[in-house]
Amino acid sequence: MLAAVVVTAIVVLCIALVVAVARDQGPAPGEVATAYELAWDRLDFETLWALSGPELRDGRSKHDFITAKQAAYDRNPGLAGLASDVVLEEVLAGKEVAVVRTRVELRQGAPVHNELRLARRDQHWEVVAYELHGSPSARQGRSE
(Lines give C-alpha, C1' and ligand atoms only; values in the text may rest on other atoms or scores of the structure.)
Protein backbone atom coordinates (compact mmCIF):
# COMPACT_ATOMS: atom_id res chain seq x y z
CA MET A 1 0.00 0.00 0.00
CA LEU A 2 2.76 2.43 0.95
CA ALA A 3 4.61 1.59 -2.27
CA ALA A 4 1.51 2.44 -4.32
CA VAL A 5 1.21 5.82 -2.58
CA VAL A 6 4.89 6.57 -3.18
CA VAL A 7 4.65 5.57 -6.86
CA THR A 8 1.51 7.67 -7.29
CA ALA A 9 3.20 10.67 -5.65
CA ILE A 10 6.23 10.28 -7.93
CA VAL A 11 4.02 10.07 -11.03
CA VAL A 12 2.07 13.16 -9.97
CA LEU A 13 5.31 15.08 -9.35
CA CYS A 14 6.69 14.02 -12.74
CA ILE A 15 3.52 15.17 -14.49
CA ALA A 16 3.63 18.48 -12.60
CA LEU A 17 7.27 18.95 -13.64
CA VAL A 18 6.49 18.25 -17.30
CA VAL A 19 3.57 20.70 -17.23
CA ALA A 20 5.73 23.36 -15.54
CA VAL A 21 8.51 22.95 -18.09
CA ALA A 22 6.03 23.00 -20.98
CA ARG A 23 4.52 26.23 -19.69
CA ASP A 24 7.92 27.90 -19.32
CA GLN A 25 8.01 29.71 -22.63
CA GLY A 26 10.79 32.08 -21.66
CA PRO A 27 10.59 35.82 -22.20
CA ALA A 28 7.92 37.15 -24.55
CA PRO A 29 8.96 38.67 -27.92
CA GLY A 30 8.54 42.22 -26.60
CA GLU A 31 10.84 41.50 -23.66
CA VAL A 32 13.47 40.02 -25.97
CA ALA A 33 13.22 43.03 -28.30
CA THR A 34 13.60 45.45 -25.38
CA ALA A 35 16.63 43.54 -24.08
CA TYR A 36 18.13 43.58 -27.58
CA GLU A 37 17.68 47.35 -27.91
CA LEU A 38 19.20 47.95 -24.48
CA ALA A 39 22.13 45.64 -25.27
CA TRP A 40 22.84 47.70 -28.40
CA ASP A 41 22.72 50.87 -26.34
CA ARG A 42 25.24 49.43 -23.85
CA LEU A 43 27.28 47.89 -26.71
CA ASP A 44 26.87 44.60 -24.83
CA PHE A 45 27.91 42.28 -27.63
CA GLU A 46 27.73 39.12 -25.52
CA THR A 47 24.03 39.72 -24.86
CA LEU A 48 23.49 40.61 -28.52
CA TRP A 49 25.05 37.27 -29.48
CA ALA A 50 22.77 35.43 -27.05
CA LEU A 51 19.60 37.15 -28.30
CA SER A 52 20.48 36.90 -32.01
CA GLY A 53 19.73 34.12 -34.41
CA PRO A 54 22.42 32.94 -36.83
CA GLU A 55 21.08 35.45 -39.36
CA LEU A 56 22.59 38.33 -37.34
CA ARG A 57 25.81 36.67 -36.24
CA ASP A 58 27.66 37.38 -39.49
CA GLY A 59 28.58 33.68 -39.78
CA ARG A 60 31.02 34.13 -36.91
CA SER A 61 31.70 32.22 -33.73
CA LYS A 62 30.71 33.95 -30.51
CA HIS A 63 34.31 34.99 -29.82
CA ASP A 64 34.86 36.32 -33.36
CA PHE A 65 31.53 38.16 -33.34
CA ILE A 66 32.25 39.91 -30.04
CA THR A 67 35.83 40.72 -31.01
CA ALA A 68 34.77 42.20 -34.37
CA LYS A 69 31.96 44.28 -32.87
CA GLN A 70 34.18 45.59 -30.07
CA ALA A 71 36.85 46.58 -32.57
CA ALA A 72 34.30 48.38 -34.76
CA TYR A 73 32.72 50.27 -31.87
CA ASP A 74 35.99 51.09 -30.11
CA ARG A 75 36.52 53.54 -32.95
CA ASN A 76 33.14 55.18 -32.13
CA PRO A 77 32.81 55.24 -28.32
CA GLY A 78 30.15 57.97 -28.48
CA LEU A 79 27.58 55.46 -29.76
CA ALA A 80 27.01 53.91 -26.32
CA GLY A 81 24.52 55.18 -23.76
CA LEU A 82 22.38 57.21 -26.15
CA ALA A 83 19.01 55.83 -24.99
CA SER A 84 17.01 57.01 -22.03
CA ASP A 85 14.18 54.51 -22.56
CA VAL A 86 12.88 51.80 -24.89
CA VAL A 87 9.14 51.71 -25.53
CA LEU A 88 7.27 48.88 -27.24
CA GLU A 89 5.03 50.47 -29.86
CA GLU A 90 3.64 47.26 -31.37
CA VAL A 91 4.09 43.54 -30.81
CA LEU A 92 2.64 41.15 -33.38
CA ALA A 93 3.36 37.57 -32.34
CA GLY A 94 2.35 34.22 -33.70
CA LYS A 95 3.51 30.83 -32.51
CA GLU A 96 6.76 30.82 -34.48
CA VAL A 97 7.39 34.41 -35.64
CA ALA A 98 6.98 37.90 -34.22
CA VAL A 99 7.47 41.50 -35.31
CA VAL A 100 8.17 44.13 -32.68
CA ARG A 101 8.29 47.85 -33.32
CA THR A 102 10.17 49.89 -30.76
CA ARG A 103 10.71 53.54 -30.02
CA VAL A 104 14.08 54.31 -28.51
CA GLU A 105 13.92 57.58 -26.61
CA LEU A 106 17.29 59.27 -26.93
CA ARG A 107 18.88 61.45 -24.28
CA GLN A 108 19.30 64.06 -27.00
CA GLY A 109 17.37 64.33 -30.22
CA ALA A 110 14.30 62.75 -31.73
CA PRO A 111 13.34 59.18 -30.85
CA VAL A 112 14.41 56.33 -33.11
CA HIS A 113 11.86 53.80 -34.37
CA ASN A 114 13.04 50.27 -35.10
CA GLU A 115 11.54 47.01 -36.28
CA LEU A 116 12.79 43.70 -34.96
CA ARG A 117 11.76 40.36 -36.41
CA LEU A 118 11.97 37.34 -34.17
CA ALA A 119 11.72 33.59 -34.64
CA ARG A 120 10.87 31.04 -31.97
CA ARG A 121 13.53 28.36 -31.82
CA ASP A 122 14.21 25.76 -29.15
CA GLN A 123 11.53 27.25 -26.87
CA HIS A 124 12.93 30.80 -26.96
CA TRP A 125 12.73 33.87 -29.17
CA GLU A 126 15.71 34.99 -31.25
CA VAL A 127 16.10 38.27 -33.13
CA VAL A 128 16.60 37.34 -36.79
CA ALA A 129 16.29 40.77 -38.44
CA TYR A 130 16.74 44.33 -37.21
CA GLU A 131 15.78 47.38 -39.20
CA LEU A 132 16.51 50.92 -38.09
CA HIS A 133 13.86 53.50 -38.93
CA GLY A 134 15.34 56.39 -36.98
CA SER A 135 17.28 59.48 -37.81
CA PRO A 136 20.53 59.10 -39.80
CA SER A 137 22.61 60.43 -36.89
CA ALA A 138 21.24 57.72 -34.60
CA ARG A 139 22.08 55.05 -37.18
CA GLN A 140 25.59 56.23 -37.85
CA GLY A 141 28.10 53.51 -37.18
CA ARG A 142 25.56 50.83 -36.27
CA SER A 143 26.19 47.74 -38.32
CA GLU A 144 24.87 44.26 -37.85
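Rules used in this analysis
- Within any chain, residue numbers begin from 1 and follow the written order of that chain's sequence.
- Totals for whole chains, interfaces and linings use all residues, but because this is a predicted model, local features are given only for residues with pLDDT of at least 70 and pairs of side-chain atoms are given and counted only at 80 or more.
- Based on all heavy atoms of the structure, the side-chain values leave hydrogens and waters out of the count.
- Put simply, DSSP marks the helices as runs of H or I at least four residues long and the strands as runs of E at least two long, and each gets a number from the N terminus on.
- Expected span of a helix: the number of residues minus one, times 1.5 Å.
- Here's how the labels work: a residue is buried when its accessible area is under 20% of the maximum for its type, exposed when over 50%, partly exposed in between, all with a 1.4 Å probe on protein chains only.
- When we speak of the arc, we mean the arc of directions from the helix axis to the C-beta atoms.
- Residues are treated as being in contact if the distance between any of their heavy atoms lies within 4.5 Å.
- A side-chain nitrogen of Lys or Arg and a carboxyl oxygen of Asp or Glu constitute a salt bridge if their distance falls within 4 Å.

Student: Please give an account of helix H4 (residues 62–74) that cites residues and values.
Tutor: Given 3.6 residues per turn, any residue in an α-helix points the same way as the ones three and four places further on. Taking 1.5 Å per residue as the helical rise, H4 with its 13 residues ought to reach 18 Å, and the 18 Å between its terminal C-alpha atoms agrees with that figure. For H4, the set of buried residues is Phe 65, Ile 66, Lys 69 and Tyr 73. An end-on view of H4 places all buried positions within 90 degrees of arc, on one side of the element. Turned more than 90 degrees from where H4 packs its buried face, His 63 and Asp 74 sit exposed. Residues of H4 that are buried sit in contact with helix H2 (29–42) and helix H3 (45–51).

Student: Any details on the pattern of salt bridges? Residues and values, ideally.
Tutor: Where charged atoms of side chains with opposite charge meet at close range, the side chains can pair. One pass over the full model with this rule turns up 12 salt bridges. Note that Asp 58 is salt-bridged to Arg 60, the shortest N-O span being 3.6 Å. Asp 58 sits in the partly exposed class, given a relative accessible area of 34%. Ionic pairing is found between Glu 89 and Arg 103, a salt bridge with its closest N-O pair at 3.3 Å. Of this pair, Glu 89 sits in strand S1 (residues 83–93) while Arg 103 sits in strand S2 (residues 97–106), and the two are 14 residues apart along the sequence.

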